[in-house]
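Chain by chain, the residues:
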Amino acid sequence: MSLLITRGLVVDPARNLEQELDLLLENGKIAALEPSGAIPRKGRRVVKADGLVVAPGLIDMHVHLREPGEEYKETIETGARAAVRGGFTGVACMPNTRPVNDSSSVTRFILDQAKEAGLARVYPVAAISVGSHGENLSEYGDLKAAGAVALSDDGRPVMNPLLMRRALEYAKTFDLPLLLHCEDLNLRADGVMHEGRVSLELGLKGIPAAAEEVMVFRDLELARLTRGRVHIMHVSTRGSVALIRRAKAQGLKVTAETAPHYFTLTEEAVRGYNTNAKVNPPLRTAADLVAIKEGLRDGTLDAIASDHAPHGPLEKDVEFSEAAFGLIGLETSLGLNLKLVHEGVISLMQAVALLSTHPARILGVPGGTLAVGAPADVTLIDLNREWTVDVNTFASKSRNCPFDGWTLKGRAVMTIVGGKIVSSEQ
Ligand SMILES: [Zn+2]
Ligand SMILES: [Zn+2]
C-alpha cells in the first residue's frame, strides 16, 4: 500500500521544516519527502493536499477513555474515533478507569481494545500507586513491559511527598515519565470553581490558585532532590507557569502541558451555573489566561492536551455543586489551538510542536516527525475552514462540551495512521 500526498505545506518541527513538498507513505512508514513532482505518481494512490498543512500525526497526551468500567461515557473505540476525527493519530489514556490501570492485565486489555478498534494509537498510562490510593507504588517494570508509556494517578494528586519521592526514584530506573495532577486536596476542600470574584457572586465554594501552585512547587523540589523527570499536567494558573519557567531556567527535568479551555475560557464561563464549564483544575481569571498564552509562546509549556473527560447526563444534568468535573475535548482541541495561530500568539510550527513533536518526545513514543523511516502517521489540516461545533455530530459518546455552537477556523480533514486513512472529509 502506497500513498502519495502531493503539494501540501509540510510542517515538521523536529527538523524545523516548513515547505511545500510531496510525501510518500509506504509499508506503514514515511518513505520519501521530495519537491513536488519528483516522486512518480504511477501506481500510487494520490491525495491532493493543495492549500493544506501536512503535519506529523497529532498526539493528545492526556485523555480519559473510561473503558474498562464506565463504557456508557466512552469506550476505547468511541474515544479513538473521536481522536481521529479531531486529527489525532495517538492518545495517551489516563489510568482512572474501573478497575484502575495499575496492573499489566488492564494495560494489555487497553492495548487489545485499541488494536481491535484499529483507529488511533492508544498509549496506556499506568497508575503511580496501587489503585491510585497513594499508599503503595505499583509495579513499574511489569507495567512498562506490558506497554505502559508513563505513570500518573490523574484524577488525584499523590498527597504523600515521601511516596512521591519514591515514585520519582523508582520511575527513573525504568525511564518512565511521571505525569502529575498537581492539587492539594486539603486546600481544594469542597471547592467547585475558581476562588475569586465570580465564585463570591455565584455563592459557590472556591478552589484557590494556591491549591495547584503549592503542589507544583513541591513536585519541582522533589524533581530537584531526586534528579527525576516530572511532567506537570493541566497547568491553569499564572503562578504555576512562573514556577515552571524558573525550574526550567535552573535546569530541572520538567515539562508541562495545558489544555485548550485554559486559554479560551475564564471563570466567567461558569455564570449561569453551566456544569460543562465545571472542570478541575477550574477555569481561572483573565490574567491567568494571558499567562498561559505567554507560557505557550515562550516555550515554558511544552504541550497542549485536551484532558478529554467524558461524562453523561447522570453526572452533568445536576446542580452545579453536585456535578462531576471534566469536559470533552478531542474534537475541538485542534480548532481551539489554531485560534492561537490565527491570533498570532504562536506560529504554525509551534502549534504542531505543541500537539505532536513534544508529546511524542515526552512520552517516548514514535512519531512527532515526518522524517523518512518514521511511522506513517499524518494529519492533513485545512487552516482556514470555518465550522460550527455541534456536539450532536461528535463521535464521542458524551456531550459535555462548553464550546457547543462556537464557530472555529481550521480543522483536520484527513487522519492517517500507519499509512491507512482512518478519517477523511475529502
Ligand atoms: Zn487531572
Ligand atoms: Zn485528566
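Please read these numbers as outputs of a predicted model, since none were measured by experiment. (Residues numbered from 1 in each chain as written. Chains lettered and ligands numbered in written order. Predicted model: local features only at pLDDT ≥ 70, side-chain atom pairs only at ≥ 80, totals over all residues. Heavy atoms only, no water.)

## Brief notes about the coordination of the zinc ion (ligand 2)
Around a metal, the idealised angle for a tetrahedral arrangement of four donor atoms is 109.5 degrees; for an octahedral arrangement of six donor atoms it is 90 or 180 degrees.
Here comes step 1: In the first shell of the zinc ion (ligand 2), the protein supplies His62 (NE2), His64 (NE2), Asp154 (OD) and Asp307 (OD), at 2.0 to 2.2 Å from the metal.
Here comes step 2: Between consecutive donors of the zinc ion (ligand 2), the numbers of intervening residues give the motif H-x1-H-x89-D-x152-D.
Here comes step 3: In this structure the zinc ion (ligand 1) is found 3.7 Å away from the zinc ion (ligand 2), and Asp154 serves as a bridging donor for the pair. The pair formed by His62 and His64 is uniform in burial state, with each residue classed as buried. (Donors = N, O, S within 2.8 Å, 3.2 Å for Na, K, Ca; no water. Buried < 20%, exposed > 50% of the residue type's maximum accessible area, 1.4 Å probe, protein only.)

## Side note on the coordination of the zinc ion (ligand 1)
Here comes step 1: Of the protein atoms, only Asp154 (OD), His181 (ND1) and His234 (NE2) coordinate the zinc ion (ligand 1), at distances of 2.0 to 2.1 Å.
Here comes step 2: Here the donor residues of the zinc ion (ligand 1) share one chain and are spaced in sequence as D-x26-H-x52-H.
Here comes step 3: Among the residues examined, Asp154 registers a relative accessible area of 4% and is labelled buried.

## As for the environment of Leu283
Here comes step 1: Along the chain, Leu283 falls in the loop between helix H9 (260-264) and helix H10 (286-297).
Here comes step 2: As for Leu283 and Arg361, which are separated by 78 residues in sequence, their C-alpha atoms are 28 Å apart.
Here comes step 3: Residues within four places of Leu283 in sequence aside, it is in contact with His194, His261, Tyr262, Leu265, Thr266, Glu267, Ala269 and Ala277. (Helix = DSSP H or I, 4+ residues; strand = E, 2+ residues; numbered from the N terminus. Contact = heavy atoms within 4.5 Å.)

## Description of the domain arrangement of the protein chain
Here comes step 1: For the protein chain, the domain assignment lists domain 1 (2-53 + 375-424) and domain 2 (57-362).
Here comes step 2: The straight-line distance from the C-alpha centre of domain 1 to that of domain 2 is 26 Å.
Here comes step 3: Between domain 1 and domain 2, the contact holds 42 residues from the first and 47 residues from the second.
Here comes step 4: By the criterion of area lost to domain 2, the three top residues of domain 1 are Lys397, Asn400 and Phe403, representing 19% of everything that side buries.
Here comes step 5: Our enumeration of links across domain 1 and domain 2 arrives at one salt bridge.
Here comes step 6: Two residues, Arg121 and Asp377, come together in a salt bridge whose shortest N-O distance is 2.6 Å.
Here comes step 7: At the boundary of domain 1 with domain 2, the tally comes to 20 residue pairs in polar contact (both at pLDDT 80 or more).
Here comes step 8: Secondary-structure elements contributing two or more residues to the side of domain 1 that touches domain 2 are strand S1 (2-12), strand S2 (17-26), strand S16 (378-388), strand S17 (407-417) and strand S18 (420-424).
Here comes step 9: Sort the elements by how many residues they give to the side of domain 1 that touches domain 2 and S17 lands first, with eight residues. (Domains from an automatic or database assignment. Buried area = accessible area lost by both parts, 1.4 Å probe. Salt bridge = Lys/Arg side-chain N within 4 Å of Asp/Glu carboxyl O. Polar contact = N/O pair within 3.5 Å; in protein donor to acceptor, adjacent residues only side chain to side chain.)

## Section: the environment of Leu330
Here comes step 1: Relative to the assigned elements, Leu330 resides in the loop between helix H11 (313-316) and helix H12 (333-342).
Here comes step 2: Put simply, Leu330 and Ala305 are 25 residues apart on the chain and 8.8 Å apart in space, counted from C-alpha to C-alpha.
Here comes step 3: Not counting the four nearest positions on each side in its chain, Leu330 is found in contact with Asp60, Val63, Gly79, Ala82, Ala83, Gly86, Phe88, Val91, Ser306 and His308.

## Topic: the pattern of salt bridges
Here comes step 1: In this structure the tally under the stated criterion is 29 salt bridges.
Here comes step 2: Arg245 is paired through a salt bridge with Asp298; the nearest N and O atoms lie 2.9 Å apart. Remark: Asp298 occurs in the loop between H10 and strand S15 (303-304) and Arg245 occurs in helix H8 (residues 238-249); sequence separation between them is 53 residues.
Here comes step 3: The class of Arg245 is partly exposed, set by a relative accessible area of 32%.
Here comes step 4: A salt bridge links Glu425 to Arg385; the nearest nitrogen and oxygen atoms lie 3.2 Å apart.

## Here we look at helix H2 (residues 104-117)
Here comes step 1: Between its first and last C-alpha atoms H2 spans 20 Å; for 14 residues at 1.5 Å apiece the expected length is 20 Å, and the two agree.
Here comes step 2: For H2, every residue scored as buried is listed here: Val106, Thr107, Ile110, Ala114 and Ala117. The buried residues of H2 all sit within an arc of 105° when viewed along its axis, so they share a single face. Exposed and facing more than 90 degrees away from the buried side of H2 are Lys115 and Glu116.
Here comes step 3: Buried positions along H2 lie against helix H1 (76-85), strand S7 (88-93), strand S8 (121-126) and helix H3 (140-146).
Here comes step 4: Of the residues trailing H2, Gly118 is marked for its positive phi of about 65°. (Expected span 1.5 Å × (residues − 1). Arc of directions from axis to C-beta.)

## Side note on unusual backbone geometry
Here comes step 1: A cis geometry characterises the amide bond from Glu67 onward to Pro68, with omega recorded as 5°.
Here comes step 2: One can find Pro68 in the loop between strand S6 (58-63) and H1.
Here comes step 3: Cis geometry marks the peptide bond from Arg98 to Pro99; its omega dihedral reads 0°.
Here comes step 4: In this structure, Pro99 sits in the loop between S7 and H2.
Here comes step 5: In the Ramachandran plot, Ser132 falls in the positive-phi region, its phi being about 55° despite a non-glycine side chain.
Here comes step 6: Mapped onto the elements of the fold, Ser132 is located in the loop between S8 and H3.
Here comes step 7: One non-glycine residue, Asp175, adopts positive backbone phi at about 50°.
Here comes step 8: With respect to the secondary-structure elements, Asp175 resides in the loop between helix H4 (161-173) and strand S10 (178-180).

## Topic: the pairing of S17
Here comes step 1: With nine of its 11 residues buried, S17 lies for the most part within the structure.
Here comes step 2: The sheet contact formed by S16 and S17 spans eight bridges and is antiparallel. Residue Asp382 lies in a different strand from S17, and its bridge partner there is Arg411.
Here comes step 3: As paired strands, S17 and S18 are joined by four bridges and run antiparallel to one another. Following the sheet pairing, Met414 is matched in S18 by Ser424.
Here comes step 4: Where S17 folds back onto S18 in an antiparallel hairpin, the turn is made up of two residues, including Gly418, whose phi is positive at roughly 60°. (Pairing = 2+ DSSP bridges.)

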